[in-house]
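Examination of the molecular architecture
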Amino acid sequence: MELELRNLTKSFGPKTVLRDLTLRAETGYCVGVVGRNGAGKSTLFNLLVNVLLPTSGSIILDGQELGETFPLAVKRRIGALINQGHLVEQLTAEEYLQFVARIYELPEAAPRIASLLGHLLEEFEQVRHKQLSAYSTGMKQKVALAACLLHRPELLILDEPLNGLDVFSAERMLALLTSYRPQALTFISSHNLAHLEQVATHLLIIDEAEVKFWGTRAEFMAGRETILSDALLQLLAPTTSTHDLTWLTSQTAS
Ligand SMILES: Nc1ncnc2c1ncn2[C@@H]1O[C@H](COP(=O)(O)OP(=O)(O)OP(=O)(O)O)[C@@H](O)[C@H]1O
């Protein structure tokens, strides 16, 4: 799969959130999308899954420009986890994934469902017969990721998939994503840059609606700080000074 974004721009009223985003990426790339709160990461992801329409510019998949409504055949190639997946909480995890498998008309999905849940949910055997409504936030997140991967998507869009996961679960999910990486083009956002350091092959850094960096992680790190978070601060806020926070503990009103 080859995805090209050409001068992709999105405005909400007078406010431009993404301006002239241009890139080309292909299967095997795992693009870590990085930026401050409100930088436009989720907006980009919503454009990539056809939930939002661009104000201008185009999305081209394998040489075919996708119009206002992505063809169903294209949608079937996408797996997305955006703004926390919506699960049918009256079902157990297995029932929910079987429901997803039926939507995608996947034959004999049971072994893959068992493998995905077994890998992602350490406590799967204990919660096997519980409804998703009784799951914790992190457990629901893992089921949502399993649902995303069930139909072997070629384009994987993951908005903060590691939110709410403990360190052990995060490692398991990162291992799964690293294993899956050669099969798909992945876009993933996370404010935990250590996570992106483990999984991302490429970085897309967005600030004030503009692309500040697009390229491989190695290209980004060349000549910069050795830790990604320091390198990012160096790029986006080289002159940031320490804030005076004495007001927080002082007795005078402010
Ligand atoms: N439907 C909408 N209508 C108006 N403004 C919106 C809408 N969706 C997003 N925005 C604005 O677009 C900007 C980018 O939001 P977005 O959610 O894409 O940021 P983000 O990078 O994902 O942030 P975070 O790191 O906090 O998740 C924000 O200023 C937000 O207020």
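Everything below is about the structure shown above.
Residues numbered from 1 in each chain as written. Predicted model: local features only at pLDDT ≥ 70, side-chain atom pairs only at ≥ 80, totals over all residues. Heavy atoms only, no water.

Section: empty space enclosed by the protein
Scanning the entire structure with this criterion turns up two cavities of 30 Å³ or more. What the largest cavity holds in volume is close to 50 Å³. M1, L3, L48, I59, L61, L66, F70, V74, R77, I78 and L155 are the residues that line the largest cavity. Classifying every residue of the lining of the largest cavity gives ten nonpolar, no polar and one charged. (1 Å grid on protein atoms, 1.4 Å probe; cavity = no way out; pocket = protein on both sides within 12 Å on 5 of 7 lines; lining within 4 Å. Points joined across faces, edges and corners; volume = space filled by probe spheres on them. Nonpolar A, V, L, I, M, F, W, Y, C, P; charged D, E, K, R; others polar.)

Comments concerning helix α6 (residues 137-149)
The first and last C-alpha atoms of α6 sit 19 Å apart over 13 residues, in line with the 18 Å expected at 1.5 Å per residue. Buried residues dominate α6, accounting for eleven of its 13 residues. Restricting attention to buried positions, one finds in α6 the residues G138, M139, Q141, K142, V143, A144, L145, A146, A147, C148 and L149. Contact partners of the buried residues in α6: β6 (78-81), α3 (93-103), α4 (110-120), α5 (124-127), β7 (155-159) and α7 (167-180). (Helix = DSSP H or I, 4+ residues; strand = E, 2+ residues; numbered from the N terminus. Expected span 1.5 Å × (residues − 1). Buried < 20%, exposed > 50% of the residue type's maximum accessible area, 1.4 Å probe, protein only. Contact = heavy atoms within 4.5 Å.)

Section: the site of the ligand
Close to the ligand lie F12, K15, V17, R36, N37, G38, A39, G40, K41, S42, T43 and H191. Between the ligand and G38 there is a distance of 2.7 Å, counted from an oxygen atom to a backbone nitrogen or oxygen. A distance of 2.6 Å separates an oxygen atom of the ligand from a polar side-chain atom of T43. Relative to its free-state accessible area of 640 Å², the ligand is covered by the protein chains to the extent of 59%. (Near = heavy atom within 4 Å. Polar contact = N/O pair within 3.5 Å; in protein donor to acceptor, adjacent residues only side chain to side chain. Areas by Shrake-Rupley, 256 points an atom, 1.4 Å probe, with all protein chains shown as cover.)

Thoughts on the side chain of N46
With respect to the element layout, N46 can be found in helix α1 (residues 41-48). The residues contacting N46, other than those within four sequence positions of it, are V51, L52, I82 and N83.

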